[in-house]
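Letter by letter, the chains look like this.
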Amino acid sequence: MLINGYNIVPGANLIGANLRGTNLRGAFMPGVDLTDAILEEANLRDANLRGTNLRGAFMPGADLRDAILRDANLRGADLRGADLRGANLRGAILRGADLRGAILRRANLTDANFRGANLTGADLTRATLPEAP
């Protein structure tokens, strides 16, 4: 996959990358390190981000519809208003994430860790939620 002329391979280091508004629809990026990356308004629809490190990523308004975020680390990520309809977040770490106003309809949140996450105004319609301890 090429992003602005750069070949992105699984496991690549993109710590702090500015990918604001980038079209990554359908990208295959498992295990990529996007710690503190800027993905505001990025199109990640249908992307495979399994096991990706998105700790502290800035992602308001990102399109993550039907994305695979299984076992991803989204600790402290800013996902305000992000569209995660149908996304697979099974086993994802969302501790301290800001999900205010995020759309999580039909998202698979089984075994996800939401401790300290802000879900104010988030739409969880028909989402598969983790069992309460």
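As shown above, the structure is provided for reference.
Comments concerning the environment of M59
Then step 1. Summarising the element assignment, M59 is placed in the segment after β2 (6-7).
Then step 2. Take M59: its relative accessible area is 1%, and that puts it in the buried class.
Then step 3. Residues M59 and L39, spaced 20 residues apart in sequence, show a C-alpha to C-alpha distance of 4.7 Å.
Then step 4. Filtering out sequence-adjacent residues up to four positions away, M59 remains in contact with L39, E40, L44, L54, L64, L74, D78, L79 and A82.

Describing the nonpolar core
Note on soluble globular proteins: their nonpolar side chains tend to be buried together.
Then step 1. In this structure, M59, L64, L74, L84 and L89 are the most contacted members of the largest nonpolar core, which totals 43 residues.
Then step 2. Leaving out residues up to four positions away in the same chain, L89 has contacts with L69, L74, L84, L104, A107, N108, L109, T110 and A112.

A word on unusual backbone geometry
Then step 1. A positive phi angle, close to 60 degrees, is found at D36, a residue other than glycine.
Then step 2. Position of D36 relative to the elements: it lies in the segment after β2.
Then step 3. On the basis of relative accessibility, which here comes to 47%, the residue D36 falls in the partly exposed class.
Then step 4. A positive phi angle is found at R126, which is not glycine, with a value near 60 degrees.
Then step 5. Relative to the helices and strands, R126 resides in the segment after β2.
Then step 6. What makes R126 exposed here is its relative accessible area of 68%.

What counts, and at which threshold
- Residues numbered from 1 in each chain as written.
- Predicted model: local features only at pLDDT ≥ 70, side-chain atom pairs only at ≥ 80, totals over all residues.
- Heavy atoms only, no water.
- Helix = DSSP H or I, 4+ residues; strand = E, 2+ residues; numbered from the N terminus.
- Buried < 20%, exposed > 50% of the residue type's maximum accessible area, 1.4 Å probe, protein only.
- Contact = heavy atoms within 4.5 Å.
- Core = buried A, V, L, I, M, F, W, Y, C linked by side-chain atoms within 4.5 Å.

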